[in-house]
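So the chains spell out like this:
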Amino acid sequence: MSLPSSVVVLDNGGGLCKAGIGGDRDPIAVVPNCMGRSSTGSHHHHGSNKSKKWLVADQLQDSDDVMSIRRPLDRGYLINPDLQKEIWDRIFKALLKVDPSDSSLLLVEPLFNLPSIQRSTDELVFEDFGFQSLYVADSPSLVHLYETSRCPPDRVMATSQCSLVVDCGFSFTHAAPVFQNFTLNYAVKRLDLGGKALTNYLKELVSYRSINVMDETFIMDDVKEKLCCVSLNVPRDLQVARKTGKDNLFRCSYTLPDGVAQLKGYVKDPKETQRYLTLADDTPADPPQGNIGESGELLEGDRSKDSRSIDLTNNEEIVLTNERFLVPEMLFHPADLVQLWVFGEVDHFWHLAQILKQCV
């Protein structure tokens, strides 16, 4: 049974779709904005026909063996409207259970969206789904509006009606000034570095140090979201992460799915992930114990001799230490990951970071 006439809110990101009903505190559905299937045909469903079926949105979250992925967005922009239609159809009908003909749509689109892409989006909304009306917004202005509505009226943000929003997305990062709920497009700075690059970097680190997870994008996305954190003192935390045993406050384990009893990975000990919070900002780190290599890593006990392929039938674990904060640190040192043609934008972000430090 469909809900009465309502406003559907859809944040159509490059990695995830966040969808819900206007007025609700949280989104109803947070699902991958893609389709996928197993390249080996070993999905949970029995029968060869079902094993080759493409999985859509939330169906990917219940699968442990997804190798081939198709995305409707590339670098944040719509390139495959037909694929996007299938994903939205799944979200509206199966997850939100709304009738588009009785609803309006609030759609979040990326900054500097091309007119041709806007026309394709309009065709999807009105011709394919039949929504009553459409309002298109950008994320910085919505974030500013949300935050100003929550803060006390005497706060600077509420009185000045201006803010700087840093939006770290799937494909890129925007630093956007907002004034009176309007994004100042001429002052927006963009960096082609986002969550996708960070996930790939984490996959490379884990594959080099323990087991091969280069094909496990969804698993490593979950690892990144649950275990990674931003360091306030990188040199000190590197010293802490080199220690062994319980003295290593960053060390924690993530249990991989076995494909039978456990279909999703999970953090082995959630309390372990919070131990680093006991470090004070000015606490010096004790010298690490054990043999330390030139790269600053333990030569014994922390790295496997070879990179093994992941075996989902053995309920294996991966152990993270300094990867937890080195991966997010790339956002503050993007030159280590991005190509040479982006270095000009990196300079803009460096100057922006210096201005922010002065303001603090």
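It should be noted that the structure appears before, not after, this text.
Residues numbered from 1 in each chain as written. Predicted model: local features only at pLDDT ≥ 70, side-chain atom pairs only at ≥ 80, totals over all residues. Heavy atoms only, no water.

Novice: In this structure, what is going on with the sheet that holds strand 4 (residues 35-37)? I would like to understand it.
Specialist: Paired through backbone hydrogen bonds, the strands of a sheet run either parallel or antiparallel to each other. Here three strands make up an open sheet; going across it, the order is 5-4-6 and the pairing antiparallel. Every other strand in the sheet has two partners, leaving strand 5 (55-56) and strand 6 (68-70) as the edge strands with one partner each. Alignment of strand 4 against strand 5, held across two bridges, turns out to be antiparallel. Bridge pairing links M35 to V56 in strand 5. (Pairing = 2+ DSSP bridges. Helix = DSSP H or I, 4+ residues; strand = E, 2+ residues; numbered from the N terminus.)

Novice: How do you make sense of the pattern of salt bridges when you look at a structure like this?
Specialist: Where charged atoms from two side chains of opposite charge approach closely, those side chains can pair. Enumeration over the complete set of coordinates arrives at eleven salt bridges. The partner of K18 in a salt bridge is D11, with the nearest N and O atoms 3.7 Å apart. The partly exposed category is assigned to K18, whose relative accessible area is 27%. As a salt-bridge pair, R190 and D192 come within 2.8 Å of each other at their nearest N and O atoms. (Salt bridge = Lys/Arg side-chain N within 4 Å of Asp/Glu carboxyl O. Buried < 20%, exposed > 50% of the residue type's maximum accessible area, 1.4 Å probe, protein only.)

Novice: I'm lost on the packing of helix 2 (residues 81-96) against helix 3 (residues 115-128) in this one. Help?
Specialist: A pair of packed helices is captured by two measures, namely the crossing angle of their axes and the spacing between those axes. Direction vectors running N to C along helix 2 and helix 3 enclose 45°, while the axes themselves pass 11 Å from each other. Put simply, helix 2 runs oblique to helix 3. Our pair here, helix 2 against helix 3, has a crossing hand that is right-handed. Between helix 2 and helix 3, the residues in contact are P81, Q84, K85 and W88 and S120, T121, L124, V125 and D128, respectively. For the contact of helix 2 with helix 3, the per-class residue count stands at four nonpolar, three polar and two charged. (Axes fitted to C-alpha atoms, helices over the stretch in contact; angles between N-to-C directions. Parallel < 35°, antiparallel > 145°, perpendicular 65-115°, else oblique. Left-handed = near helix turned anticlockwise from the far one by under 90°. Contact = heavy atoms within 4.5 Å. Nonpolar A, V, L, I, M, F, W, Y, C, P; charged D, E, K, R; others polar.)

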